[in-house]
Amino acid sequence: MKFRNFKLVGYVIFGRGAFNQLDEIIAPHRKGDAPMIFFVDHYFEKNQPFISRIPLRGKDKVVFIDVTHEPKTVYVDRLRDELTAEFGEVSGIIGIGGGSTMDMAKAVSLMMTNPGSSADYQGWDLIKKPAVYKVGIPTLSGTGAEVSRTTVLTGPTKKLGMNSDYTPFDQIVLDPELIKNAPVNQRFYTAMDCYIHCIESLEGTYLNAFSRSYGEKALELCQEIYLKKEQWDDDADEKLMMASYAGGMSIAYSQVGVAHAVSYGLSYLLGTKHGIGNCIVFDKLEEFYPAGVKEFKQMVEKHQVEIPQHITKGLSDADFDKMIDVSMGLAPLWENALGKDWQQQMTRDRLRKLYEQL
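Thresholds, definitions, all that
- The numbers attached to residues start from 1 for each chain and follow its sequence in the written order.
- The predicted origin of the model limits local features to residues at a pLDDT of at least 70 and limits the giving and counting of side-chain atom pairs to 80 or more, whereas totals for whole chains, interfaces and linings rest on all residues.
- Values reported for side chains reflect all heavy atoms of the structure, with hydrogen atoms and water molecules removed beforehand.
- Only centres within 6.5 Å qualify two rings of Phe, Tyr or Trp (six-membered ring in Trp) as a pair; their planes then separate them into stacked at under 30 degrees, edge-to-face at over 60, and tilted for everything else.
- A 1.4 Å probe rolled over the protein chains alone gives each residue an accessible area, and that area as a share of the maximum for its type sets the label: buried under 20%, exposed over 50%, partly exposed in between.
- Two strands form a pair only when DSSP identifies at least two bridges running between them.
- For the purposes of this entry, the term helix denotes a DSSP run of H or I that reaches at least four residues, the term strand denotes a run of E that reaches at least two, and both are numbered from the N terminus.
- Whenever a helix is involved, its axis is fitted only over the stretch in contact; in every case the axis is a line through C-alpha atoms, and angles between N-to-C directions fall within 0 to 180 degrees.
- Definition used for salt bridges: Asp or Glu carboxyl oxygen within 4 Å of a side-chain nitrogen of Lys or Arg.
- The length a helix should cover is 1.5 Å for every residue beyond the first.
- The distinction between a cavity and a pocket rests on a 1 Å grid over the protein atoms alone: a 1.4 Å probe fits inside a cavity but cannot get out, while a pocket stays open yet meets protein on both sides within 12 Å along at least five of seven lines, and a residue with an atom within 4 Å of a point counts as lining.
- Grid points are joined across faces, edges and corners, and a volume is the space filled by probe spheres set on the points.
- For this scheme, ten residues count as nonpolar: Ala, Val, Leu, Ile, Met, Phe, Trp, Tyr, Cys and Pro. Four count as charged, namely Asp, Glu, Lys and Arg, and the remainder, Gly too, count as polar.
- The source of the domain bounds is an automatic or database domain assignment.
- Roughly parallel covers angles under 35 degrees, roughly antiparallel covers those over 145, roughly perpendicular covers 65 to 115, and oblique covers all other angles.
- Rotating anticlockwise by less than a right angle from the far helix to the near helix defines a left-handed crossing, while the corresponding clockwise rotation defines a right-handed one.
- The contact criterion used is simple: two residues touch if any of their non-hydrogen atoms lie within 4.5 Å.

Caption draft 1: Layout of the packing of aromatic side chains. All told, the structure shown has 13 aromatic pairs when counted by the stated rule. Measuring from ring centre to ring centre gives 6.5 Å for Phe 188 and Tyr 189, while their planes differ by 75 degrees; the resulting arrangement is edge-to-face. Pair check on accessibility: Phe 188 and Tyr 189 agree, each one buried. Relative to Tyr 226, the ring of Phe 188 has its centre 5.4 Å away and its plane inclined at 85 degrees; by these criteria the two rings are edge-to-face.

The structure is reproduced here in structure tokens:
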């Protein structure tokens, strides 16, 4: 097929207080007494007022998702096995949290209907059966996980998404109230994932008018809230939430680039979280994205956020080789960044030197 036939999210609701409509939104998708399972970021475990707002019915269950580390295939498989043993079938899975929680919701919903291990499906278009009903509700904005056709997982041998037309959510609930009190540093790292999406998409070789339209708008929103606003307010929450959505859409017909390709290796070896990992890498990518990195550094300085340094110091040759292997396996990202001859440009030696700067 010459042009990608892109699968969109089924339904979108946006607005302050939209979370309050969740009960009526999911009601038509309940199947008999099969429960809805709510995956909630463990950050909310002690926030009883928030947990009490989740519309539990019958055998519904809240599962707190440990996002200390990036989602792993073994964690996905274990949750699938536990839910299958306890309930047999479920009506659906609702992910409430940041990108990792939403990715876990997508991954487990896919594995409820597809046999084997989630590691078997790391790649492009390997999923063969539709998932159970799934809903994404971000409480952090920036990753674009709410609109993405991938769910990024670390497996036994690689960090790679389950990329498929069956991966996008059936429903997303975009409620700016839910991101209002996010920790400042975490909000910044996640928002910069969106900013970096835009830079990599807009400067990539895959770019077309579809990607550019969304990418330019998301970039404009990021610049407004992180460079022009004097203080964070409700308007900033709303615009960040829409920047995340548009940033995710911008890479639908495009792709990310060098920062993501390099940070995947960091994450695989060191467990570096996605948002902060992208920031650590992007901080050193002047030769690839000079204007974007200059502006990024202005945002870091204005918001007094710390970007960790020297995290690869003391790593062994074997460690560097593993990160390079993971990164070099992401051919579409490198091709978008550097063109079809990317392997001639990004040699293992050059990539090693880049990792050593981090």
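On we go.
Caption draft 2: Inspection of the sheet that holds strand β6 (residues 133–138) at higher detail. Strand order in the open sheet formed by six strands is β1-β9-β6-β4-β2-β3, and the pairing between neighbours is parallel. Two strands close off the open sheet at either side, each with one partner strand: β1 (11–14) and β3 (61–65). The sheet shows a mean angle of 15 degrees between the axes of neighbouring strands, direction not considered. Sheet topology note: the strand β4 (residues 92–97)/β6 ladder contains six bridges and is parallel. By the bridge assignment, Ile 94 is partnered in β6 with Val 135.

Caption draft 3: Expanded view of the pattern of salt bridges. By the definition in use, this model includes 27 salt bridges. The partner of Asp 81 in a salt bridge is Arg 80, with the nearest N and O atoms 2.7 Å apart. Glu 287 is the partner of Arg 350 in a salt bridge, and the nearest nitrogen-oxygen pair spans 2.8 Å. Taken as a pair, Arg 350 in helix α14 (residues 348–357) and Glu 287 in the loop between α9 (274–282) and α10 (290–302) lie far apart in primary sequence, 63 residues in all. Counted as one network, the salt bridges with shared partners bring together Glu 224, Lys 229, Asp 233, Asp 235 and Lys 239.

Caption draft 4: Geometry of helix α5 (residues 184–202). Spanning 19 residues, α5 covers 27 Å between terminal C-alpha atoms, matching the ideal 27 Å at 1.5 Å per step. Most of α5 is tucked away: 15 of the 19 residues are buried.

Caption draft 5: Just empty space enclosed by the protein, in detail. Counted according to the given criterion, the structure contains one cavity of 30 Å³ or more. Volume-wise, the largest cavity comes out at about 40 Å³. Forming the walls of the largest cavity are Leu 140, Ser 141, Ile 179, Ala 182, Gln 186, Arg 187, Thr 190, Asp 237 and Leu 240. Those elements that provide at least two residues to the lining of the largest cavity are α5 and α7 (234–250). Examining the composition of the lining of the largest cavity, we find that three residues originate from one element, α5, more than from any other. Looking at the lining of the largest cavity residue by residue, the class counts come to four nonpolar, three polar and two charged. Formed jointly, the lining of the largest cavity draws a minimum of three residues from each of two domains, domain 1 (11–179) and domain 2 (184–357).

Caption draft 6: Molecular detail of the layout of surface pockets. Empty space within the second largest pocket amounts to approximately 180 Å³. If you go around the second largest pocket, the residues you meet are Lys 31, Ala 34, Thr 84, Gly 88, Glu 89, Val 90, Ser 91, Met 112, Thr 113, Val 132 and Tyr 133.

Caption draft 7: Main features of the packing of helix α6 (residues 209–228) against α7. As a packed pair, α6 and α7 sit with axes 8 Å apart at the nearest point and diverge in direction by 155 degrees. If you check the angle between α6 and α7, you find them roughly antiparallel. The interaxial crossing formed by α6 with α7 has left-handed handedness. Mapping the contact onto sequence places Phe 210, Ser 211, Tyr 214, Gly 215, Ala 218, Leu 221, Cys 222, Glu 224 and Ile 225 in α6 and Asp 235, Ala 236, Lys 239, Leu 240, Met 242, Ala 243, Ala 246, Gly 247, Met 249 and Ser 250 in α7. Classifying every residue of the contact of α6 with α7 gives twelve nonpolar, four polar and three charged.

Caption draft 8: Fine view of the packing of α5 against α10. Relative to each other, α5 and α10 sit at 165 degrees, their axes nearing to 11 Å. Between α5 and α10, the angle is such that the two are roughly antiparallel. Note that α5 runs across α10; the crossing there is right-handed. Contacts between α5 and α10 involve Phe 188, Met 192, Tyr 195 and Ile 199 from the former and Gly 292, Glu 295, Phe 296, Met 299 and Val 300 from the latter.

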